[in-house]
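Each chain is listed here by its residues.
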Amino acid sequence: MTDLVKIRKYVTVVEETVHDGGPAPARPVIKAAVGGVIANPYAGRHVPDIQPMMKALEPLAVDLTHRVMQALGVKGTDLEAYGKGAIVGLTGELEHAALWHQPSGFGIRHAMGGARSIVPSTVKVAAAGARIDIPLHHVGAAYVRSHFDAIEFCVPDGPKPDEIVFIVAASIGGRPHARVGGLTAAEIKVGDGQR
């Protein structure tokens, strides 16, 4: 990647739901998340200006999004929901996770070929093996209730204290038996929760 983004490993999780206690939907709901485990160049010390890393993370966001699409076996325009997250190792700080917000949003949309909805996010500082739920929202509008979901993610040996795991997640389909009303994907118009 770059001097600021040194990747140690990638971890991919794929979840396919055929049904959720009711009749089988026309197609399974498939979710995937891919995390990139990188060295944290700011671990163990307070660095006043950490913003240079934001630009350096953009290629990682594009890479992780392509890996999610590959895991799902689709192109970017087929993605229905997406999300992002980060886990910072224990000698880092929460602000290091915040570095992911801008580059991941840019990188995900770039790799997909565009999307309008805000990319939901969650972050934490934790030890290796920590689990994190990555929220998912519809790519066209954040208020499409049928696609409010999440995928759990974990790196068994990461992040090490001086590492960060940056994560991109996406899905094909919403919840298998969504039936609580609200805005549907077919009804999306400008202003319905776009960024």
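Residues numbered from 1 in each chain as written. Predicted model: local features only at pLDDT ≥ 70, side-chain atom pairs only at ≥ 80, totals over all residues. Heavy atoms only, no water.

1. Let's talk about the overall build of the chain
Using the following cut-off: Only DSSP runs of H or I reaching four residues or more are called helices, and only runs of E reaching two or more are called strands; each is numbered from the N terminus. Note on method: radius of gyration uses C-alpha positions; expected globular size equals 2.2 Å times residues raised to 0.38. The contact criterion used throughout is that any non-hydrogen atoms of two residues lie within 4.5 Å. Think of it this way: Lys and Arg go in the positive column, Asp and Glu in the negative one, and His and the chain ends go nowhere. For charged residues, the charge sits on one atom: NZ in Lys, CZ in Arg, CG in Asp, CD in Glu.
Along the backbone of the chain there are 3 helices and 7 strands. Along the chain, helices and strands appear, N-terminal first, in the series β-β-α-β-α-α-β-β-β-β. Taken against the 2.2 N^0.38 rule, which gives 16 Å for 195 residues, the C-alpha radius of gyration of the chain at 17 Å falls within 12% of a compact globule. A principal-axis box enclosing the C-alpha atoms of the chain has dimensions of 50 × 35 × 25 Å. Intrachain contacts of the chain at a sequence separation of at least 6 include 78% that bridge at least 24 residues. Here the chain holds 20 positive side-chain charges and 19 negative ones, and the gap between their average locations is 3 Å.

2. Topic: helix α3 (residues 101-112)
To keep it simple, the criterion reads: Take the number of residues in a helix, subtract one, and multiply by 1.5 Å to get its expected span. Accessible area is worked out with a 1.4 Å probe on protein chains only. A residue is then buried under 20% of its type maximum, exposed over 50%, and partly exposed in between.
Between its terminal C-alpha atoms α3 stretches 17 Å, which fits the 16 Å expected from 12 residues at 1.5 Å a residue. Every buried residue belonging to α3 is among P103, S104, G105, G107, I108, R109, A111 and M112, and all of these are buried. Lining the buried residues of α3 we find α1 (52-72), β3 (81-88) and β7 (163-172). Phi turns positive, to about 90 degrees, at G113, one or two residues after α3.

3. Considering the pairing of β7
Put simply, the rule is: When DSSP finds at least two bridges between two strands, those strands are taken to pair.
Most of β7 is tucked away: 10 of the 10 residues are buried. Alignment of strand β2 (residues 29-39) against β7, held across 10 bridges, turns out to be antiparallel. If you follow I38 over to β7, its bridge partner there is I164. As defined by bridge partners, β3 adjoins β7 across 8 bridges and the pair is classed as antiparallel. In the strand pairing of β7, V88 is matched with I164.

4. Overview of the packing of α1 against α3
For the record, the criterion: Inter-axis angles, ranging from 0 to 180 degrees, are taken between N-to-C directions of lines fitted to C-alpha atoms, where helices are fitted over the stretch in contact. Roughly parallel refers to an angle under 35 degrees, roughly antiparallel to one over 145, roughly perpendicular to one between 65 and 115, and oblique to any angle outside these ranges. In this scheme the handedness of a crossing depends on how the near helix is turned from the far one: anticlockwise by less than a right angle means left-handed, clockwise means right-handed. Under the grouping applied here, Gly and all other residues not named as nonpolar or charged are polar, the nonpolar ones being Ala, Val, Leu, Ile, Met, Phe, Trp, Tyr, Cys and Pro and the charged ones Asp, Glu, Lys and Arg.
At a closest axis distance of 7 Å, the pairing of α1 and α3 adopts a crossing angle of 45 degrees. Judged by the inter-axis angle, α1 sits oblique to α3. As α1 packs across α3, the resulting crossing turns out to be right-handed. On the side of α1, the interface is formed by M54, L57, E58, A61, V62, T65, H66 and M69, while α3 contributes Q102, P103, S104, F106, G107, I108, H110, A111 and M112. The class makeup of the residues in the contact of α1 with α3 is 10 nonpolar, 6 polar and 1 charged.

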